[in-house]
Amino acid sequence: DRLLIEWDDGDDQPKLVAMAERDNGAHDEHHELVYDLSDYDNIRIISFGKASAAMALAAAEVISDSLLSRSSDIPVPKLDGVVIIKDDHATDEEIKTLNEKHNIIVRSASHPVPDARSVAGANEIMDMMKSSDSRTLVLACISGGGSALFCSPREPLTLEDLMLTNSRLLESGMPIENMNVIRKRLEKGKGGRLAAAAYPATVLTLVLSDIIGDPLDLIASGPTVPDDGSGWEDAYRLVEEYGLNAGGDHELPQAVLDLLRMGKDGKLDDTPKSSHPAFSSVITTSDKESANERSRFLSETVLVGNNDAAVMAAAEEAEKMGYHPVVLGSRVDGEASCVAGSYISMAEMLSRQRNDVTIKYPIAALPVALIAGGETIVTLPPRCSGKGGRNQELALSAAMKMQDMGLRDVVLASVGTDGTDGPTDAAGAVVYGGLVNEETIHDAKEALKNHDAYTFLGSAKGQSLVMTGPTGTNVADICITLVK
């Protein structure tokens, strides 16, 4: 519903319209971005991230179906493009339709650690951007996971440097937004460089956000957004803060450290800023004398989905099921085990209301659904061999807290909306009061100590993993705690 084709009465001229929101300082303001398709010979759809296939297909269908539905002698732009998907994150039918119907190539690559296919796909997209001209409209569909899938090392770095860097960043417990401050300086297409490569083409980016607060310059490392918010010094400061420097707990490759140091010392060019011509303002009406003329930027970005929308949808569903929803927010972060303790403490307070009518300030009337979104972290020790993810760790920590508090009437589910939690095939887990008991408490403690939640939750004693497979979206995590 954020992208549609409109036709002017009389002249049969198709226009692509994107519905955007802009912050005017006081409130979000709805804003239409209008693209007269007669101004373009080519429309190129590029897409990368965990939701890349679904997003690219939806955009292609809007454009193709609308253009083909009208009989007109006016030539329509040629459609092509490249989509990079995470392995097994597109159906055979989606791949076939993108390729055969819309002339869009689909490439697979690895996530969360990039591989040679990530580089090949990224280079293919960059080459396509460099061959674009002023009569090209680039439609970039970007979702979380794009940083690993769209990956082309900056010289003299190698893929191996970036693979090791990503592994060390994940180990460090660094929030994703900080990871991307570093990543965008190590690659050819991040931090606005994709839009700069496409110049003088017009770029419209549709973003599905997986980062708390929806910072457009950090989602997938902001390939089409000016990088006004960070610089080399910020990246180097993070290296020191998280023990990524030489001799640190999560030491980065020497070539990466050398590059970051050279950048900090002013010896390397930084990412493009708002002053780059790729981000300049243009008049969009055909009649430049018109009183109704509109302006937009040559590169625009529209947020089409985020964690807040998912949290609200979950609250609406909980209400339909008879629960009283309490939305705790969509910006929850911190160590997964600590966040779990907060959720269960709230659940324990709610549970008391059943037998204690003297509680003066109840959170809500029972039954209650506590609903929260965001993205927690798990800080791993060096050489950790456990298997799991932040949602599984949160769930197991919550089960332990329930056992400690003697709660039996509480159920907690914590899941990644993309269907993947950490380097596992589980989306997360559902736990309940009584899962951890005298029989299972030793194994549960060992699993939590070794960050091995997957093994416990997937065992006969646990049987708590949520297995959805790829969902076709990616808007961070959702945690729901039900108190009867």
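Just so you know, these numbers come straight off a predicted model, no measurement behind them. (Residues numbered from 1 in each chain as written. Predicted model: local features only at pLDDT ≥ 70, side-chain atom pairs only at ≥ 80, totals over all residues. Heavy atoms only, no water.)

Here we take up a nonpolar patch on the surface. A cluster of nonpolar side chains, namely V411, V430 and Y432, defines an oily patch on the protein surface of about 210 Å² accessible area. Assignment of secondary structure puts V411 in strand β14 (residues 410–416). With relative accessibility at 32%, the residue V411 sits in the partly exposed group. (Patch = residues over 30% accessible without salt bridge, like charges linked within 9 Å, V, L, I, M, F, W, Y side chains within 5 Å. Areas by Shrake-Rupley, 256 points an atom, 1.4 Å probe, with all protein chains shown as cover. Salt bridge = Lys/Arg side-chain N within 4 Å of Asp/Glu carboxyl O. Helix = DSSP H or I, 4+ residues; strand = E, 2+ residues; numbered from the N terminus. Buried < 20%, exposed > 50% of the residue type's maximum accessible area, 1.4 Å probe, protein only.)

This brings us to helix α2 (residues 92–101). All buried positions along α2 are accounted for by E94, T97 and L98. On an axial view of α2, the arc spanned by its buried residues comes to 95°, and they lie on one face. Pointing more than 90 degrees away from the buried face of α2 are the exposed residues D92, E93 and E100. The first or second residue beyond α2 is N103, which carries a positive phi of 60°. (Arc of directions from axis to C-beta.)

Before going further, it helps to examine the pattern of salt bridges. Here the structure, examined in full by the defined rule, presents 23 salt bridges. Of the charged contacts, one joins R135 and D41 as a salt bridge, the two residues approaching to 2.9 Å between their closest N and O atoms. Of this pair, R135 sits in the loop between α3 (116–130) and β7 (136–143) while D41 is found in the loop between β3 (28–36) and β4 (42–48), placing the two residues 94 residues apart along the sequence. R135 gets classed as partly exposed once you look at its relative accessible area, which sits at 32%. The salt bridge partner of D270 is K273, with a shortest N-O separation of 3.6 Å.

Think of a sheet as strands paired side by side through backbone hydrogen bonds, with each pair either parallel or antiparallel. Strands sit in the order β6-β5-β4-β7-β8-β11 across an open sheet of six strands; the sheet is parallel. Where the open sheet ends on each side, the last strands, each with one partner, are β6 (104–109) and β11 (299–305). Pairs of neighbouring strands in the sheet enclose a mean axial angle of 15°, with direction left out of account. Judged from the six bridges that link them, strand β5 (residues 78–86) and β6 form a sheet pairing that is parallel. Among the inter-strand pairings, V83 is bridged to a residue of β6, identified as V106. Helix-sheet contacts for α3 involve β4, β5, β6 and β7, and the interaxial angle to β5 is about 160°. (Pairing = 2+ DSSP bridges. Axes fitted to C-alpha atoms, helices over the stretch in contact; angles between N-to-C directions. Contact = heavy atoms within 4.5 Å.)

The next point concerns the side chain of R44. For R44, the position within the fold is in strand β4. By relative accessible area, R44 is classed as buried at 13%. Those residues within four positions of R44 in sequence are excluded, and the remaining contacts are D80, M128, S131, S132, T136, L137, V138 and L139.

Below, the discussion takes up the packing of aromatic side chains. A full pass over the atoms with the stated rule returns one aromatic pair. The ring of Y236 carries the charged tip of K264 above its face, separated from the ring centre by 5.1 Å. Stacked on the ring of Y454, the Lys or Arg K387 has its end atom at 4.2 Å from the ring centre. (Phe/Tyr/Trp six-rings, centres within 6.5 Å; stacked < 30°, edge-to-face > 60°. Lys NZ or Arg CZ within 6 Å of the ring centre and 35° of its normal.)

This part covers the confidence of the model for the chain. Residues shown with low pLDDT carry predicted positions that ought not to be read at fine detail. Predicted confidence across the chain gives a mean pLDDT of 91, with 92% of residues reaching 70 or more. In this model, residues 23–27 is a region of pLDDT below 50 whose contacts with residues beyond four sequence positions or in other chains number three contacts. Considering only residues more than four positions removed or in separate chains, one finds that residues 286–291, a stretch of pLDDT under 50, has three contacts. (pLDDT = per-residue confidence, 0-100.)

In this section: the packing of helix α5 (residues 159–172) against helix α6 (residues 176–183). Between α5 and α6, the shortest axis-to-axis distance is 10 Å and the interhelical angle comes to 155°. By the angle class used here, α5 and α6 are roughly antiparallel. For the pair α5 and α6, the sense of crossing is right-handed. On α6, the residues touching N166, L169 and L170 of α5 are M179, I182 and R183. Classifying every residue of the contact of α5 with α6 by side-chain character gives four nonpolar, one polar and one charged. (Parallel < 35°, antiparallel > 145°, perpendicular 65-115°, else oblique. Left-handed = near helix turned anticlockwise from the far one by under 90°. Nonpolar A, V, L, I, M, F, W, Y, C, P; charged D, E, K, R; others polar.)

Moving on to helix α12 (residues 390–405). In a regular helix each residue adds 1.5 Å, so 16 residues correspond to 22 Å; α12 covers 22 Å between its end C-alpha atoms and thus fits that length. Trailing α12 by a residue or two, G406 shows a phi angle of about 70°, which is positive. (Expected span 1.5 Å × (residues − 1).)

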